[in-house]
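# Structural overview
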Amino acid sequence: DLIYVCDPVMGDTGPGLYVPKELLPVYQEVILPLADVCLPNQFEAELLTNKKIESEEDAIAVMDILHSKGVSTVILSSTGLGSDTHLVCLASHTRSGQKTVVKVLIPKFAAAFVGTGDLFTALSTAWLARTGGELKLALEKTLGTMQAVLARTLQHAHAAAAAGGLDKPTAAMMELKLIQSKQEIENPPTGIQAEIV
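To keep things clear, this report deals only with the structure shown in the data block.

Rules of the game
Residues numbered from 1 in each chain as written. Predicted model: local features only at pLDDT ≥ 70, side-chain atom pairs only at ≥ 80, totals over all residues. Heavy atoms only, no water. Axes fitted to C-alpha atoms, helices over the stretch in contact; angles between N-to-C directions. Helix = DSSP H or I, 4+ residues; strand = E, 2+ residues; numbered from the N terminus. Parallel < 35°, antiparallel > 145°, perpendicular 65-115°, else oblique. Left-handed = near helix turned anticlockwise from the far one by under 90°. Contact = heavy atoms within 4.5 Å. Pairing = 2+ DSSP bridges.

Helix 5 (residues 135-163) packs onto helix 4 (residues 116-130) with a crossing angle of 140° between their chain directions and a minimal axis gap of 9 Å. Judged by the inter-axis angle, helix 4 sits oblique to helix 5. Between helix 4 and helix 5 the crossing geometry is right-handed. Of the residues in helix 5, those touching helix 4 at Thr116, Leu119, Phe120, Leu123, Ser124, Trp127 and Leu128 are Leu135, Ala138, Leu139, Lys141, Thr142, Leu143, Thr145, Met146, Val149 and Leu150.

Reading across the sheet, the 6 strands line up as 1-4-5-6-7-8 and stay open at both edges, with mixed pairing between neighbours. The two strands at the open ends of the sheet, each matched to only one other strand, are strand 1 (5-6) and strand 8 (194-196). Bridge analysis of strand 4 (residues 37-38) against strand 5 (residues 73-79) gives 2 bridges, and the strand direction is parallel. The partner of cysteine 38 across the bridge, within strand 5, is valine 74. In the packing of helix 3 (residues 56-68) onto the sheet, contacts are made with strand 5, strand 6 (86-95) and strand 7 (98-107), and the angle to strand 6 comes to roughly 40°. The strands that helix 5 touches are strand 5, strand 6, strand 7 and strand 8; relative to strand 7, the one it contacts most, it runs at about 15°.

So, in structure tokens, the structure goes:
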């Protein structure tokens, strides 16, 4: 009954690889076949599958490749398929020969945060477990909490910057306000709606 959740922290668009490229085959051939759940960002998903994502159809094909490696639930935590106002999260789950694909539009904040990927993975893992793998509901709850944490973090950061006479918050001021968001972590706000595609 052990579930292996893999967040393949390998890199991201912009900075590129965080790990030596020699580790890529280890992820592809050893780690992925062990994983029940995989949460790559677009950059990592493209590396793992050797396929570019330029459309939703490409993203679904990439998730299918990951399914073929034995991963039952794939969540593309963020893709470049969004707009100036939102990111697009796509996810897919296979169970008993049935596949469900879910899409969520995630409102963007005009700020850079550190630790959002870790929080997303932690919340997704918790809500997948608590909902019995109900992908749509798990993502709605995960992203409801994420939006609340980020809004609170940004509000605190701007207040701290203003109190310090700064034009903008420092990186330290942008540390995620997790303890202050305990209520929203335990009881995610509603408002984020996922759709089955």
